[in-house]
Amino acid sequence: MSLTLFGVISIILMKHIADGMNIRLVNGSRPSQGRLEVFYNNTWGTVCKDKFNSSAAIVVCRMLGFNGNMITAATKDVISYGQGPGTIWLDDVTCNGTESSLSHCRANNWDVNNCGHEKDVGVECTLNIRLKNGSRPSQGRLEVFYNNTWGTVCDNNFDILAARVVCRMLGYTGSTFAVHGQAAYGQGTGKIWLNIVTCTGSDSRLFNCRANWGVHNCRHSEDVGVDCDFNPSISIIGNQMVKENSSLSLSCQLSTCSTSACTYIWTSTQAIPGSRTQQNIKLTNIKRDWNAAIMYCQITFNASVSIISSTTMNVQYGPSSATISVSSPLTVTENTLPPTAITCSSPVCNPGCNAKWSAGSTPIYSTTLFSTPVERHFAGSYNCTVFNAVGFWTKQLEVIVN
């Protein structure tokens, strides 16, 4: 049975501004936990734990983008995340849990409290997925919480795109992830909740990916693990500034591949239709639309561990047109100013373009013609030229003076 699992879990943010209130969680081991701080009067300050309960924590988590029925929220004492410095901005915060922002909850006036920093409150927004048994919080056996029970995920079909979704949910926004099959972080116990997980990589949450829920032929020896900060790094060689219509050669390298069998997959947001499975690729007839395209290289070694890295293209191109603010020919009356500003401008270029006017070979050091009343000898041809280091474009304006 294949179905799409629905939960509402937003991408994790370090801080958030809602209704004019700016908050953040600091000193936690991941972005979803830490000492709660509020920005007021151009200064970060803390919040006293008096009356601050799980309903207020839910509001904080909602402000930070942790939403929906796959999230639990809890308050933490100062021992968890340490004492903050400076002002204690809020005290006696009372929420019912449905508010969109702390600014809608009841509280004392700003900086009115009877607290010391030993009462600074912390918040933990717990997504109902977790990584267990790793040597650091960013790695471990993947587990999901369902029906009040933690269970594991089978490694069948679980790839780097699914790992990217998991890491994004947990707040790890780097570009190097790894999937470890065959219970690399030890075998879990109890239920195996998910099998044949298939993600696009752009999914905002694991529960939007397709999967078999509770239906599998797996054992815990196939529990999948994820590393959201994998140390062995891929080197993408050859990326450099490149001009439109030229070519670019890229190579994807990993030292581990000198002793292990590796497979390669190149994908891109724009520059590659589909994917390529070579270690070295050559892009030809490069288009200006590929500027800022992200190139992803995924390497799988030992048939079970996959990592991915990325690089961004920088395509340089000149102007494809020049823009004059009036139509040619332009008729103006002697000893008067033109009825509208006559400007020369450029479209988007990379690097950015400059614009200038000239009359024949004589430059006019302004992007606007005729800032003084027009005289009869102003009649003639004017060139609007836009240019950068890659190329230029010229457009002519004929001026008639009556």
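Data block above holds the structure.
Residues numbered from 1 in each chain as written. Predicted model: local features only at pLDDT ≥ 70, side-chain atom pairs only at ≥ 80, totals over all residues. Heavy atoms only, no water.

**Examining the overall build of the protein**
Point 1. Helix and strand content of the protein: three helices and 31 strands.
Point 2. Sorting the 402 residues of the protein into buried and exposed places 47% on the buried side.
Point 3. A sequence separation of at least 24 residues applies to 68% of the contacts in the protein between residues at least 6 apart.
Point 4. By element, 48% of the accessible surface of the protein is carried by carbon and sulfur atoms, the whole surface being about 19,100 Å². (Helix = DSSP H or I, 4+ residues; strand = E, 2+ residues; numbered from the N terminus. Buried < 20%, exposed > 50% of the residue type's maximum accessible area, 1.4 Å probe, protein only. Contact = heavy atoms within 4.5 Å. Areas by Shrake-Rupley, 256 points an atom, 1.4 Å probe, with all protein chains shown as cover.)

**With respect to the pattern of salt bridges**
Point 1. Across all of its chains, the model carries eight salt bridges by this definition.
Point 2. Across the pair Glu143 and Arg130 runs a salt bridge, and its minimum N-O distance is 2.8 Å. A residue pair is termed long-range when its members are at least 10 positions apart, and Glu143 in strand β10 (residues 139-146) and Arg130 in strand β9 (residues 129-133) qualify at 13 residues.
Point 3. Owing to a relative accessible area of 27%, Arg130 belongs among the partly exposed residues under this scheme.
Point 4. In this structure, Glu244 and Arg288 form a salt bridge, with 3.0 Å as the shortest nitrogen-oxygen distance. Here the residue Glu244 occupies a position in the loop between β17 (242-243) and β18 (248-253), and Arg288 occupies one in the loop between β20 (280-283) and β21 (294-301), the gap between them amounting to 44 residues. (Salt bridge = Lys/Arg side-chain N within 4 Å of Asp/Glu carboxyl O.)

**Observations regarding the state of the cysteines**
Point 1. One pass over the structure, following the stated rule, counts eight disulfides.
Point 2. What pairs with Cys95 in a disulfide is Cys105, and their sulfur atoms sit 2.1 Å apart. Disulfide Cys95-Cys105: torsion about the S-S bond near 110°, hence right-handed. Of this pair, Cys95 sits in the loop between β7 (88-90) and β8 (122-127) while Cys105 sits in the loop between β7 and β8; the two residues are 10 residues apart in sequence, bridging distant segments of the chain. In this pair, the class of Cys95 matches that of Cys105, namely buried.
Point 3. A sulfur-sulfur separation of 2.0 Å characterises the disulfide bridge that pairs Cys344 with Cys384. Taking the torsion about the sulfur-sulfur bond, which here is approximately 75°, the covalent link between Cys344 and Cys384 counts as right-handed. Taken together, the residues span a long stretch of sequence, with Cys344 in strand β26 (residues 342-345) and Cys384 in strand β30 (residues 380-387) at a distance of 40 residues. Pair check on accessibility: Cys344 and Cys384 agree, each one buried. (Disulfide = S-S within 2.5 Å.)

**Brief notes about the environment of Cys95**
Point 1. Judged by its relative accessible area of 9%, Cys95 falls in the buried class.
Point 2. Taking C-alpha positions, Cys95 is 8.9 Å from Ser54, a pair spaced 41 residues apart along the chain.
Point 3. The residues contacting Cys95, other than those within four sequence positions of it, are Asn53, Ser55, Ala56, Val59, Leu102 and Cys105.

**Concerning the sheet that holds strand β28 (residues 362-364)**
Point 1. Within the open sheet, the five strands sit side by side as β25-β31-β30-β27-β28. Their pairing is mixed. Looking along the sheet, the strands with just one partner apiece sit at the ends: β25 (330-332) and β28. Across this sheet, the average inter-strand angle for adjacent strands is 35°, counted without regard to direction. (Pairing = 2+ DSSP bridges. Axes fitted to C-alpha atoms, helices over the stretch in contact; angles between N-to-C directions.)

**Structural notes on the side chain of Asp227**
Point 1. Relative to the helices and strands, Asp227 is located in strand β15 (residues 225-227).
Point 2. Owing to a relative accessible area of 2%, Asp227 belongs among the buried residues under this scheme.
Point 3. Looking at Asp227, its side chain comes within polar contact range of the side chain of Arg136, at 2.9 Å. (Polar contact = N/O pair within 3.5 Å; in protein donor to acceptor, adjacent residues only side chain to side chain.)

**A look at the packing of aromatic side chains**
Point 1. Counted by the stated rule, this structure contains eight aromatic pairs.
Point 2. Here the aromatic rings of Phe39 and Trp44 are separated by 5.1 Å at their centres, their planes lie at 55°, and the arrangement is tilted.
Point 3. Exposure remark for Phe39: the relative accessible area of 30% places this residue in the partly exposed category.
Point 4. Linked through ring pairs, Tyr40, Trp89 and Trp110 together constitute an aromatic cluster. (Phe/Tyr/Trp six-rings, centres within 6.5 Å; stacked < 30°, edge-to-face > 60°.)

**Describing the environment of Gln253**
Point 1. When you line up the elements, Gln253 lands in strand β18.
Point 2. Judged by relative accessible area, Gln253 falls into the partly exposed class, the value being 37%.
Point 3. Residues Gln253 and Cys297, spaced 44 residues apart in sequence, show a C-alpha to C-alpha distance of 9.2 Å.
Point 4. Separated by 3.3 Å, the side chains of Gln253 and Ser251 make a polar contact.

**Structural notes on the pairing of β30**
The side chains of a regular strand alternate between both faces of the sheet.
Point 1. Looking at chain direction, strand β27 (residues 354-359) and β30 are connected through five bridges and run antiparallel. Residue pairing in the sheet places Asn354 in a bridge with Phe387 of β30.
Point 2. Connecting β30 to the antiparallel partner strand β31 (residues 392-401) that follows it, the hairpin turn spans four residues.

So yeah, pure geometry; function would need other evidence.
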